[in-house]
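Each chain is listed here by its residues.
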Amino acid sequence: MPTVMVQIPNTPTSADVARLAGVSRATVSYVLNNASAVRISEATRRRVHEAARELGYVPHAAARSLRAGHSRMVLMPAPAIPVGPLYSGFLNELQWALGRLDYTVVQYGSVGLHGDEAARAWAELRPVAVLVPGAGLGPQGVAVLKRSGARAVVTLGPDRVEGAHAVLMDHDAVGRCAGAHLYARGRRRIGVVMPEEPGLEIYSRPRLAGVREALRGTGATATGLPLAPTEEAAAELAARWPESGLDAVFAYNDEYAMLLMRALQDEGLRVPEDVAVIGADDLMLGRLLRPRLSTVHIELPSGRDLAGLVDRAVRDPGGEPEVHTVLGATVVQRESS
(Lines give C-alpha, C1' and ligand atoms only; values in the text may rest on other atoms or scores of the structure.)
Protein backbone atom coordinates (compact mmCIF):
# COMPACT_ATOMS: atom_id res chain seq x y z
CA MET A 1 0.00 0.00 0.00
CA PRO A 2 1.50 3.38 -0.96
CA THR A 3 2.36 5.76 1.88
CA VAL A 4 0.71 9.17 1.82
CA MET A 5 2.71 12.01 3.37
CA VAL A 6 0.59 14.73 4.97
CA GLN A 7 2.36 17.97 5.77
CA ILE A 8 0.97 19.72 8.87
CA PRO A 9 1.50 23.45 8.65
CA ASN A 10 3.67 24.94 11.37
CA THR A 11 1.72 26.84 13.99
CA PRO A 12 3.23 30.30 14.50
CA THR A 13 4.52 31.02 18.00
CA SER A 14 5.15 34.16 20.01
CA ALA A 15 8.86 33.68 19.25
CA ASP A 16 8.08 33.98 15.52
CA VAL A 17 6.14 37.18 16.17
CA ALA A 18 9.02 38.54 18.26
CA ARG A 19 11.56 37.83 15.48
CA LEU A 20 9.44 39.46 12.79
CA ALA A 21 8.66 42.51 14.93
CA GLY A 22 12.25 42.82 16.20
CA VAL A 23 11.26 42.70 19.88
CA SER A 24 11.51 40.28 22.79
CA ARG A 25 8.96 37.54 23.51
CA ALA A 26 8.13 39.36 26.75
CA THR A 27 7.20 42.46 24.75
CA VAL A 28 4.95 40.36 22.50
CA SER A 29 3.25 38.96 25.58
CA TYR A 30 2.77 42.40 27.13
CA VAL A 31 1.31 43.83 23.92
CA LEU A 32 -1.04 40.96 23.02
CA ASN A 33 -2.26 40.58 26.60
CA ASN A 34 -2.92 44.34 26.91
CA ALA A 35 -0.70 44.57 30.00
CA SER A 36 -1.13 48.07 31.41
CA ALA A 37 1.67 47.86 33.98
CA VAL A 38 4.39 48.02 31.31
CA ARG A 39 5.00 51.14 29.21
CA ILE A 40 5.35 50.24 25.53
CA SER A 41 5.39 52.79 22.70
CA GLU A 42 2.56 52.89 20.19
CA ALA A 43 5.03 52.22 17.37
CA THR A 44 6.18 49.01 19.06
CA ARG A 45 2.61 47.91 19.76
CA ARG A 46 1.75 48.51 16.11
CA ARG A 47 4.74 46.41 14.91
CA VAL A 48 3.77 43.53 17.18
CA HIS A 49 0.14 43.55 16.05
CA GLU A 50 1.16 43.75 12.38
CA ALA A 51 3.59 40.84 12.80
CA ALA A 52 0.91 38.75 14.56
CA ARG A 53 -1.57 39.43 11.76
CA GLU A 54 0.98 38.64 9.04
CA LEU A 55 1.86 35.30 10.67
CA GLY A 56 -1.69 34.44 11.66
CA TYR A 57 -0.63 34.17 15.30
CA VAL A 58 -3.35 33.83 17.93
CA PRO A 59 -2.52 33.74 21.68
CA HIS A 60 -3.22 30.44 23.41
CA ALA A 61 -6.13 31.06 25.78
CA ALA A 62 -5.42 28.06 28.01
CA ALA A 63 -1.74 29.00 28.42
CA ARG A 64 -2.69 32.58 29.23
CA SER A 65 -5.17 31.33 31.84
CA LEU A 66 -2.48 29.22 33.49
CA ARG A 67 -0.15 32.21 33.75
CA ALA A 68 -2.88 34.47 35.14
CA GLY A 69 -4.35 31.88 37.49
CA HIS A 70 -7.79 32.30 35.93
CA SER A 71 -9.45 32.49 32.52
CA ARG A 72 -10.59 35.69 30.79
CA MET A 73 -13.89 34.12 29.77
CA VAL A 74 -17.12 35.87 30.74
CA LEU A 75 -20.03 33.49 30.25
CA MET A 76 -23.44 34.90 29.37
CA PRO A 77 -26.20 32.27 29.38
CA ALA A 78 -28.52 32.90 26.43
CA PRO A 79 -31.81 34.34 27.72
CA ALA A 80 -34.47 31.67 28.05
CA ILE A 81 -37.16 34.26 27.26
CA PRO A 82 -37.87 36.37 24.17
CA VAL A 83 -35.76 39.53 24.11
CA GLY A 84 -36.55 42.53 21.96
CA PRO A 85 -34.36 45.07 20.16
CA LEU A 86 -33.84 47.18 23.30
CA TYR A 87 -32.28 44.35 25.32
CA SER A 88 -30.35 43.06 22.32
CA GLY A 89 -28.73 46.48 21.91
CA PHE A 90 -27.77 46.48 25.58
CA LEU A 91 -26.14 43.04 25.25
CA ASN A 92 -24.17 44.19 22.22
CA GLU A 93 -22.82 47.22 24.10
CA LEU A 94 -21.94 45.04 27.09
CA GLN A 95 -20.03 42.53 24.96
CA TRP A 96 -18.13 45.35 23.24
CA ALA A 97 -17.19 46.92 26.59
CA LEU A 98 -15.99 43.60 28.02
CA GLY A 99 -13.94 43.00 24.90
CA ARG A 100 -12.25 46.36 25.40
CA LEU A 101 -11.24 45.14 28.86
CA ASP A 102 -9.66 42.04 27.29
CA TYR A 103 -12.39 39.57 28.31
CA THR A 104 -13.70 36.93 25.94
CA VAL A 105 -17.51 36.83 26.01
CA VAL A 106 -19.12 33.46 25.37
CA GLN A 107 -22.89 33.01 25.07
CA TYR A 108 -24.09 29.66 26.38
CA GLY A 109 -27.29 28.04 25.20
CA SER A 110 -28.70 26.06 28.13
CA VAL A 111 -31.99 24.79 26.67
CA GLY A 112 -33.65 22.43 29.12
CA LEU A 113 -31.40 23.46 32.02
CA HIS A 114 -32.63 25.80 34.74
CA GLY A 115 -31.39 27.44 37.91
CA ASP A 116 -28.75 25.61 39.89
CA GLU A 117 -28.70 22.71 37.38
CA ALA A 118 -27.71 25.20 34.68
CA ALA A 119 -25.05 26.67 37.00
CA ARG A 120 -23.31 23.28 37.17
CA ALA A 121 -23.15 23.16 33.36
CA TRP A 122 -21.74 26.72 33.24
CA ALA A 123 -19.15 25.83 35.90
CA GLU A 124 -17.70 23.08 33.67
CA LEU A 125 -16.35 25.79 31.33
CA ARG A 126 -14.44 27.47 34.21
CA PRO A 127 -15.43 31.07 33.38
CA VAL A 128 -13.90 33.91 35.39
CA ALA A 129 -17.32 35.62 35.51
CA VAL A 130 -20.94 34.73 34.78
CA LEU A 131 -23.71 37.20 33.91
CA VAL A 132 -27.11 35.64 34.58
CA PRO A 133 -30.19 37.28 32.99
CA GLY A 134 -33.63 36.82 34.51
CA ALA A 135 -34.41 34.70 37.56
CA GLY A 136 -33.88 31.12 38.69
CA LEU A 137 -30.30 31.06 39.95
CA GLY A 138 -30.11 30.42 43.71
CA PRO A 139 -27.41 30.71 46.40
CA GLN A 140 -26.38 27.08 45.81
CA GLY A 141 -25.77 27.78 42.13
CA VAL A 142 -23.69 30.84 43.00
CA ALA A 143 -21.60 28.69 45.38
CA VAL A 144 -21.05 26.06 42.67
CA LEU A 145 -19.81 28.72 40.25
CA LYS A 146 -17.46 30.25 42.81
CA ARG A 147 -16.01 26.86 43.75
CA SER A 148 -15.26 26.27 40.05
CA GLY A 149 -13.20 29.47 39.91
CA ALA A 150 -15.74 32.14 38.92
CA ARG A 151 -14.60 35.35 40.57
CA ALA A 152 -17.75 37.27 39.70
CA VAL A 153 -21.38 36.17 39.47
CA VAL A 154 -23.71 38.98 38.43
CA THR A 155 -27.49 38.62 38.17
CA LEU A 156 -29.67 40.89 36.02
CA GLY A 157 -33.26 40.65 37.18
CA PRO A 158 -35.87 41.68 39.72
CA ASP A 159 -34.37 40.07 42.85
CA ARG A 160 -31.08 39.68 44.71
CA VAL A 161 -29.36 36.32 45.07
CA GLU A 162 -27.16 35.69 48.09
CA GLY A 163 -23.45 35.81 47.21
CA ALA A 164 -23.93 37.42 43.80
CA HIS A 165 -23.60 40.97 42.57
CA ALA A 166 -27.01 42.29 41.53
CA VAL A 167 -28.25 44.64 38.84
CA LEU A 168 -31.91 45.00 39.85
CA MET A 169 -34.41 45.84 37.12
CA ASP A 170 -37.26 47.97 38.53
CA HIS A 171 -40.12 46.94 36.25
CA ASP A 172 -42.67 48.33 38.71
CA ALA A 173 -41.48 51.79 37.62
CA VAL A 174 -42.42 51.04 34.00
CA GLY A 175 -45.97 50.17 35.07
CA ARG A 176 -46.23 53.19 37.37
CA CYS A 177 -45.29 55.51 34.51
CA ALA A 178 -47.84 53.98 32.14
CA GLY A 179 -50.62 53.91 34.74
CA ALA A 180 -50.05 57.49 35.87
CA HIS A 181 -50.01 58.70 32.26
CA LEU A 182 -53.27 56.98 31.33
CA TYR A 183 -54.98 58.24 34.49
CA ALA A 184 -53.81 61.79 33.76
CA ARG A 185 -55.37 61.45 30.28
CA GLY A 186 -58.74 60.75 31.90
CA ARG A 187 -58.78 56.97 31.61
CA ARG A 188 -60.33 55.03 34.49
CA ARG A 189 -60.68 51.39 33.34
CA ILE A 190 -57.26 50.28 32.21
CA GLY A 191 -56.29 46.91 30.75
CA VAL A 192 -52.72 45.62 31.17
CA VAL A 193 -51.48 43.04 28.68
CA MET A 194 -49.87 39.98 30.31
CA PRO A 195 -47.88 38.13 27.61
CA GLU A 196 -48.50 34.38 27.45
CA GLU A 197 -44.86 33.63 26.68
CA PRO A 198 -42.97 31.45 29.19
CA GLY A 199 -40.59 33.43 31.39
CA LEU A 200 -42.03 36.90 30.76
CA GLU A 201 -44.15 36.81 33.91
CA ILE A 202 -41.15 37.95 36.01
CA TYR A 203 -41.40 41.24 34.10
CA SER A 204 -45.14 41.50 33.37
CA ARG A 205 -46.30 40.95 36.97
CA PRO A 206 -44.24 43.85 38.36
CA ARG A 207 -45.49 46.06 35.53
CA LEU A 208 -49.12 45.23 36.39
CA ALA A 209 -48.35 45.90 40.06
CA GLY A 210 -46.84 49.25 39.08
CA VAL A 211 -49.99 50.29 37.20
CA ARG A 212 -52.13 49.34 40.22
CA GLU A 213 -49.81 51.28 42.50
CA ALA A 214 -50.22 54.38 40.32
CA LEU A 215 -54.02 54.03 40.51
CA ARG A 216 -54.24 53.28 44.23
CA GLY A 217 -56.87 55.44 45.97
CA THR A 218 -58.17 56.98 42.72
CA GLY A 219 -61.14 54.72 42.06
CA ALA A 220 -59.65 53.68 38.71
CA THR A 221 -59.01 49.99 38.02
CA ALA A 222 -56.36 47.90 36.28
CA THR A 223 -57.26 44.53 34.76
CA GLY A 224 -54.73 41.94 33.59
CA LEU A 225 -55.31 40.77 30.01
CA PRO A 226 -53.55 37.50 29.04
CA LEU A 227 -52.46 37.67 25.39
CA ALA A 228 -50.50 35.28 23.17
CA PRO A 229 -48.24 36.91 20.55
CA THR A 230 -50.42 36.03 17.56
CA GLU A 231 -52.80 37.94 15.31
CA GLU A 232 -55.55 35.45 16.11
CA ALA A 233 -55.24 35.99 19.87
CA ALA A 234 -55.20 39.77 19.44
CA ALA A 235 -58.31 39.60 17.23
CA GLU A 236 -60.16 37.53 19.86
CA LEU A 237 -59.27 40.01 22.61
CA ALA A 238 -60.30 42.96 20.43
CA ALA A 239 -63.67 41.30 19.64
CA ARG A 240 -64.42 41.11 23.40
CA TRP A 241 -63.29 44.67 24.05
CA PRO A 242 -66.65 46.50 23.89
CA GLU A 243 -68.16 44.28 26.59
CA SER A 244 -65.12 44.78 28.86
CA GLY A 245 -65.76 48.48 29.30
CA LEU A 246 -62.02 49.20 29.23
CA ASP A 247 -61.05 52.64 27.93
CA ALA A 248 -57.23 52.22 27.85
CA VAL A 249 -54.52 49.61 27.67
CA PHE A 250 -50.89 49.37 28.73
CA ALA A 251 -49.74 46.70 26.30
CA TYR A 252 -46.57 45.50 28.13
CA ASN A 253 -44.25 46.66 25.34
CA ASP A 254 -44.37 48.29 21.90
CA GLU A 255 -44.56 44.99 20.02
CA TYR A 256 -47.68 43.88 21.89
CA ALA A 257 -49.08 47.41 21.59
CA MET A 258 -48.72 47.33 17.79
CA LEU A 259 -50.29 43.88 17.63
CA LEU A 260 -53.30 44.85 19.75
CA MET A 261 -53.79 48.33 18.29
CA ARG A 262 -54.14 46.89 14.78
CA ALA A 263 -56.69 44.35 16.04
CA LEU A 264 -58.69 47.04 17.88
CA GLN A 265 -58.79 49.18 14.74
CA ASP A 266 -59.91 46.18 12.68
CA GLU A 267 -62.86 45.86 15.12
CA GLY A 268 -63.82 49.46 14.38
CA LEU A 269 -62.53 50.89 17.68
CA ARG A 270 -60.87 54.29 17.44
CA VAL A 271 -57.44 54.93 18.98
CA PRO A 272 -57.25 56.99 21.15
CA GLU A 273 -60.92 58.15 21.19
CA ASP A 274 -62.36 54.78 22.27
CA VAL A 275 -59.19 53.15 23.60
CA ALA A 276 -55.96 54.86 24.61
CA VAL A 277 -52.90 52.67 23.94
CA ILE A 278 -49.40 52.88 25.40
CA GLY A 279 -46.48 50.48 25.02
CA ALA A 280 -42.90 50.38 26.34
CA ASP A 281 -39.35 50.29 24.91
CA ASP A 282 -39.71 53.30 22.56
CA LEU A 283 -39.01 51.36 19.36
CA MET A 284 -38.64 53.39 16.19
CA LEU A 285 -41.39 51.39 14.48
CA GLY A 286 -43.89 52.86 16.95
CA ARG A 287 -43.25 56.32 15.52
CA LEU A 288 -44.18 55.08 12.05
CA LEU A 289 -47.65 53.87 13.05
CA ARG A 290 -50.78 55.96 12.62
CA PRO A 291 -51.67 57.06 15.18
CA ARG A 292 -48.11 57.26 16.47
CA LEU A 293 -47.61 55.04 19.49
CA SER A 294 -47.19 56.46 22.99
CA THR A 295 -44.60 54.52 24.94
CA VAL A 296 -42.50 54.27 28.10
CA HIS A 297 -38.88 55.02 27.29
CA ILE A 298 -36.68 52.65 29.31
CA GLU A 299 -33.13 53.45 30.37
CA LEU A 300 -31.24 50.17 30.65
CA PRO A 301 -27.96 50.07 32.58
CA SER A 302 -24.90 51.16 30.65
CA GLY A 303 -23.01 48.24 29.12
CA ARG A 304 -19.78 50.01 30.03
CA ASP A 305 -20.83 50.39 33.67
CA LEU A 306 -21.75 46.71 33.93
CA ALA A 307 -18.46 45.70 32.30
CA GLY A 308 -16.70 47.85 34.89
CA LEU A 309 -18.56 46.03 37.68
CA VAL A 310 -17.43 42.67 36.25
CA ASP A 311 -13.82 43.85 36.05
CA ARG A 312 -13.85 45.16 39.65
CA ALA A 313 -15.27 41.87 40.91
CA VAL A 314 -12.67 39.82 39.02
CA ARG A 315 -9.86 41.94 40.45
CA ASP A 316 -11.29 41.80 43.99
CA PRO A 317 -13.20 38.51 44.31
CA GLY A 318 -13.39 38.81 48.10
CA GLY A 319 -15.19 42.16 48.07
CA GLU A 320 -18.77 42.70 49.19
CA PRO A 321 -21.35 42.06 46.44
CA GLU A 322 -22.47 45.29 44.78
CA VAL A 323 -26.18 46.04 44.30
CA HIS A 324 -27.37 48.53 41.68
CA THR A 325 -31.02 49.38 41.04
CA VAL A 326 -31.49 50.51 37.44
CA LEU A 327 -34.14 50.83 34.72
CA GLY A 328 -35.18 54.47 34.52
CA ALA A 329 -38.60 55.02 32.92
CA THR A 330 -40.22 58.09 31.35
CA VAL A 331 -43.36 58.45 29.23
CA VAL A 332 -43.12 59.56 25.61
CA GLN A 333 -46.60 60.85 24.77
CA ARG A 334 -47.73 60.54 21.18
CA GLU A 335 -51.09 60.31 19.40
CA SER A 336 -52.26 56.85 20.59
CA SER A 337 -52.99 58.05 24.15
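Quick summary incoming for the structure in this document. All values reported here derive from a predicted model rather than from experimental measurement.

1. Brief notes about empty space enclosed by the protein
- Evaluated as defined, the whole model comprises one cavity of 30 Å³ or more.
- Here the largest cavity is characterised by a volume of approximately 60 Å³.
- Forming the boundary of the largest cavity are ten residues, of which Met76, Tyr87, Leu91, Leu131 and Pro133 lie nearest the centre.
- Of all the elements, helix α5 (residues 85-100) adds the most residues to the lining of the largest cavity, at three residues.
- Broken down by class, the residue content of the lining of the largest cavity amounts to nine nonpolar, one polar and no charged.

2. Focus on the packing of aromatic side chains
- Scanning all chains against the criterion turns up one aromatic pair.
- Here the guanidinium or amino end of Arg72 rests over the ring plane of Tyr103, the centre of that ring lying 4.0 Å away.
- Cation over ring: Arg188 sits above Tyr183, and NZ or CZ is 3.7 Å from the ring centre.

3. Thoughts on the sheet that holds strand β9 (residues 276-280)
- Reading across from one edge, β7-β6-β8-β9-β10-β12 is the order of the six strands in this open sheet, with mixed pairing throughout. A single partner strand is all that each edge strand has here, and the edge strands are β7 (221-227) and β12 (328-332). For this sheet the average axis-to-axis angle between neighbouring strands, irrespective of direction, equals 20°.
- Bridging between strand β6 (residues 189-195) and strand β8 (residues 248-250) involves three bridges; their strand directions are parallel.

4. Some points on the sheet that holds strand β1 (residues 73-77)
- Taking strand neighbours across the sheet as the criterion, the six strands line up as β2-β1-β3-β4-β5-β11 in an open arrangement whose pairing is parallel. Looking along the sheet, the strands with just one partner apiece sit at the ends: β2 (104-108) and β11 (323-326). Going from strand to strand, the sheet's axes swing by 15° on average, the running direction of each strand aside.
- Pairing of strand β4 (residues 152-157) with strand β5 (residues 165-169) involves four bridges; the strand directions are parallel.

5. What about the pattern of salt bridges?
- Inspection of the entire model under this criterion finds ten salt bridges.
- Taking the shortest distance from any N to any O, the salt bridge between Arg334 and Asp282 comes out at 3.0 Å. Pair noted here: Arg334 is in the segment after β12 and Asp282 is in the loop between β9 and α13 (284-288), with a separation of 52 residues, a long-range link.
- Among the ionic pairs, Arg292 bridges to Glu335, the shortest N-O distance being 2.7 Å. Within this pair, whereas Arg292 is found in the loop between α13 and β10 (294-299), its partner Glu335 is found in the segment after β12, the two being separated by 43 residues in sequence.
- On the accessibility criterion, Arg292 (31% relative accessible area) is partly exposed.
- You can call Glu335 partly exposed: its relative accessible area is 37%.
- Within the structure, one salt-bridge network assembled from shared partners comprises Asp170, Arg176 and Glu213.

Conventions used here
Residues numbered from 1 in each chain as written. Predicted model: local features only at pLDDT ≥ 70, side-chain atom pairs only at ≥ 80, totals over all residues. Heavy atoms only, no water. 1 Å grid on protein atoms, 1.4 Å probe; cavity = no way out; pocket = protein on both sides within 12 Å on 5 of 7 lines; lining within 4 Å. Points joined across faces, edges and corners; volume = space filled by probe spheres on them. Helix = DSSP H or I, 4+ residues; strand = E, 2+ residues; numbered from the N terminus. Nonpolar A, V, L, I, M, F, W, Y, C, P; charged D, E, K, R; others polar. Phe/Tyr/Trp six-rings, centres within 6.5 Å; stacked < 30°, edge-to-face > 60°. Lys NZ or Arg CZ within 6 Å of the ring centre and 35° of its normal. Pairing = 2+ DSSP bridges. Axes fitted to C-alpha atoms, helices over the stretch in contact; angles between N-to-C directions. Salt bridge = Lys/Arg side-chain N within 4 Å of Asp/Glu carboxyl O. Buried < 20%, exposed > 50% of the residue type's maximum accessible area, 1.4 Å probe, protein only.

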